[in-house]
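Structure assessment
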Amino acid sequence: MPMKPLKKFFQTYRLFLLFFIIVLAIVEWLVRADIIPSFIIPTPTGVIQMIIHNWRPLLIEHLSATMLEFIIGFSLAVISGVLLAICMFFSKTIEKMVYPAVVISQMVPIIALSPIFVLWFGYTIWSKVAVTILICFFPIVVGTYDGLKSCDQEYIELLRSMGANRFQIFQKLHIPMALPSFFSGFKMSIVFALVGATIGEWLGASKGLGYYSRRMSGNLNAEGVFAAITILTIVGILLFALASWIEKRTTNKWNNSN
Amino acid sequence: MTVVLKNVSYSYTNEKRQKNLVISHLNMEIKNGEFISIIGRSGTGKSTILRLMTGLLQPDEGEIQIDQKDISLGDVGYMPQKDLLLPWRTILDNIMIASEIQQDVHMTKEEASIWLQRVGLSGYEHVLPKQLSGGMRQRAAFLRALLTGKDVLLLDEPFGALDALTKKEMQSWLLSMWQDLNKTIVFITHDLEEAIFLSDRILLLHPDHRIEEISVPLSRPRKPEMLLFEEAVTLRQKLEKKIANETT
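1. Quick word on the interface of chain A and chain B
Listed per partner, the contact involves 18 residues of chain A and 24 residues of chain B. Roughly 2100 Å² is buried in total at the junction of chain A and chain B, and carbon and sulfur atoms are behind 64% of that figure. Between Glu154 of chain A and Lys82 of chain B there is a salt bridge, and its shortest N-O distance comes to 2.8 Å. Seen at the junction of chain A and chain B, the total is 6 residue pairs in polar contact (both at pLDDT 80 or more). Looking at the side of chain A that touches chain B, the elements with two or more residues in it are helix H7 (153–161) and helix H8 (166–202) of chain A. The element best represented in the side of chain A that touches chain B is H7 of chain A, accounting for 7 residues. In terms of residue class, the side of chain A that touches chain B is built from 9 nonpolar, 4 polar and 5 charged.

2. So, helix H5 (residues 134–146) of chain B
Residue and element names in this part refer to chain B. For H5, which comprises 13 residues, the first-to-last C-alpha distance of 18 Å matches the rise-based estimate of 18 Å (1.5 Å per residue) to within 8%. Within H5, 11 of the 13 residues are buried, which leaves the element mostly enclosed by the surrounding structure. The complete set of buried residues in H5 reads Gly135, Met136, Gln138, Arg139, Ala140, Ala141, Phe142, Leu143, Arg144, Ala145 and Leu146.

3. A word on the confidence of the model for chain A
On average, chain A scores 90 in pLDDT, and the residues at 70 or more come to 96%. Within chain A, the lowest mean pLDDT, 83, falls on helix H5 (residues 110–121) of chain A, and the highest, 94, falls on helix H3 (residues 55–90) of chain A.

4. Overview of the sheet that holds strand S6 (residues 77–79) of chain B
By way of backbone hydrogen bonds, the strands of a sheet pair with one another, either parallel or antiparallel. All names here are of chain B. One open sheet holds the 6 strands; their spatial order is S6-S7-S8-S3-S9-S10, and the pairing between them is mixed. At either end of the open sheet lies a strand with only one pairing partner, and these are S6 and strand S10 (211–215). The average angle at which neighbouring strand axes cross in this sheet is 15°, direction not considered.

5. With respect to the nonpolar core
Core analysis: the largest hydrophobic core is formed by 52 residues, its most contacted members being Phe142, Leu174, Ile196 and Leu239 of chain B. Element by element, the count of residues in this core is highest for H5 of chain B, at 7 residues. The residue makeup of this core includes at least three contributed by each of domain 1 (3–76 + 151–244) and domain 2 (83–149) of chain B. Aside from chain neighbours lying at most four places away, what touches Phe142 of chain B is Met79, Leu153, Leu155, Trp173, Leu174 and Met177 of chain B. Core analysis: the next-biggest nonpolar cluster, separate from the first, contains 36 residues, Leu58, Phe117, Ile135 and Leu209 of chain A among them.

6. Side note on the pairing of strand S9 (residues 201–205) of chain B
Residues and elements named next belong to chain B. Taken across its 5 residues, S9 has 5 buried, putting it largely inside the fold. Residues Arg201, Leu203 and Leu205 point to one face of S9 and Ile202 and Leu204 to the other, with burial holding for every one of them. Direction of pairing for strand S3 (residues 35–40) relative to S9: parallel, over a ladder of 5 bridges. Paired with Ile39 across the strands is Leu204, a residue of S9. Both S9 and S10 contribute to a ladder of 5 bridges, which runs antiparallel. Counted as the bridge partner of Leu205 is Ile211 from S10.

7. Some remarks on the sheet that holds strand S5 (residues 69–70) of chain B
All names here are of chain B. The 4 strands lie next to each other as S2-S1-S4-S5, forming an open sheet whose pairing is antiparallel. For this open sheet the edge positions go to strand S2 (19–30) and S5, each flanked by a neighbour on one side alone. Relative to S2, helix H1 (residues 46–54) is tilted by about 65°, and along the sheet it contacts strand S1 (3–13), S2 and strand S4 (61–66).

8. Looking at the packing of aromatic side chains
All names here are of chain A. Inspection of the entire model under this criterion finds 19 aromatic pairs over all chains. Ring centres of Phe117 and Trp120 lie 5.8 Å apart, and the angle between their planes is 65°; this geometry places the pair in the edge-to-face category. Taken together, the positions of Phe117 and Trp120, both in helix H5 and 3 residues apart, correspond to about one turn of that helix. Looking at Phe117, the relative accessible area reads 8%, which means it is buried. Connected via pairs of aromatic rings, a cluster forms that spans Phe70, Phe74, Phe182, Phe183 and Phe186.

9. A few points about the pattern of salt bridges
Enumeration over the complete set of coordinates arrives at 20 salt bridges over all chains. The shortest N-O distance in the salt bridge between Lys187 of chain A and Glu247 of chain A comes to 2.9 Å. With Lys187 of chain A in helix H8 and Glu247 of chain A in helix H10 (residues 222–251), this pair connects stretches of sequence that are 60 residues apart. Taken individually, Lys187 of chain A and Glu247 of chain A each receive the classification buried, so the pair is uniform in this respect. Between Arg210 of chain B and Asp208 of chain B there is a salt bridge whose closest N-O contact spans 3.2 Å. When salt bridges that share partners are traced, they join Lys172 of chain A together with Arg89 and Glu100 of chain B into one network.

The rules behind the values
Residues numbered from 1 in each chain as written. Chains lettered and ligands numbered in written order. Predicted model: local features only at pLDDT ≥ 70, side-chain atom pairs only at ≥ 80, totals over all residues. Heavy atoms only, no water. Contact = heavy atoms within 4.5 Å. Buried area = accessible area lost by both parts, 1.4 Å probe. Salt bridge = Lys/Arg side-chain N within 4 Å of Asp/Glu carboxyl O. Polar contact = N/O pair within 3.5 Å; in protein donor to acceptor, adjacent residues only side chain to side chain. Helix = DSSP H or I, 4+ residues; strand = E, 2+ residues; numbered from the N terminus. Nonpolar A, V, L, I, M, F, W, Y, C, P; charged D, E, K, R; others polar. Expected span 1.5 Å × (residues − 1). Buried < 20%, exposed > 50% of the residue type's maximum accessible area, 1.4 Å probe, protein only. pLDDT = per-residue confidence, 0-100. Pairing = 2+ DSSP bridges. Axes fitted to C-alpha atoms, helices over the stretch in contact; angles between N-to-C directions. Core = buried A, V, L, I, M, F, W, Y, C linked by side-chain atoms within 4.5 Å. Domains from an automatic or database assignment. Phe/Tyr/Trp six-rings, centres within 6.5 Å; stacked < 30°, edge-to-face > 60°.

Structure (structure tokens):
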């Protein structure tokens, strides 16, 4: 049985995998034939060797630092985003006050804000967490809020006709109906959050994959930069897959649009 | 359980803040165990009467009472036009919802399963609504209204979306359920034959807010072939004539 999902995976993605391998092979050839210098684009095999030789600092020191920022930032964003969406849903006043601010927060270039975070939090983990939250907060709030609002009036009336109070309607109708939209935001956010943590590290850090890639770039070590990028990409894909899996477990039974 | 509507008027306010009269001075008494159909052209306020009787809408004037008490939300079982089964809940969980909401309704999963058997849905307890056919979903929705445990059931065109054959089956099925359970049913339909076949009395709503009451001269228990009796055919022609001459 364990072969089955793997087989399905290869069936679905075989064309993509083929394309990917061909591109890598071409890059490898271009660099080895000295058509492109290796400090611009490293050879894929060189990147893999880099990861293998430096797995200890890369994975244990830097990846774990980035993941810690990610986990704290993303969790805080999900909790506060969902709470804010619920407050906006229940109170028109809060919605009118806060919703524009949430939208504007997306218009502000985060890189421009980051010196302020460094000013507030110094070079501690919290300046990176702040960037992470700011970058992934929006999809969570909007996804949850739109989901909560999307509930069909007819269903609400049906439950009201049974004598349901506002809390029961929220619990039995609005929450389940909000899940698909919440998860669209959740899946976007989980990827953004990793990007946020990495950007946060550019601003000033002593460890983390963002910090590492920047340092390698300063050393003109393209292999090092691409090693960090490769690891971040793989982690991003895994996180997205995890989010999709959670979504499937909770809504896919009934939600056809997935 | 006698339902009384005394001098009930209702108008709704549209976007331009104009008041549109829908129901005007409606008086009606529904006796315990009666089956009443409401017919009339679209826009004559059939659904509005039902929504007033659930308590979802408040009348501008007059009062609606069940056993001398003003009606409020949760007093009657209501089945809207669409089945509105919650798509994420299994059939069993869907019909259990009233007992989750109302404190005075107690039902175990076993009892609910027995009910499903009774309406011909045994084996579908743990199936999601989307896997059921239209007729089956309608039976589940009816059961959900029934299991609110209320003596008065308001059914808003429950069979409107079904094909002719399924509709006929569902009508006989509904009558047999009604006879066994001693419920009072108010039933909206567009289908004159359906109204004649099912009801004791028919309320005909006119666009000028007049309401006519017509008794159905057929004995119980009803059989489909009774629709071919002379009195049924005459009644049908009479109703058709009344409705055809009207414009909304």
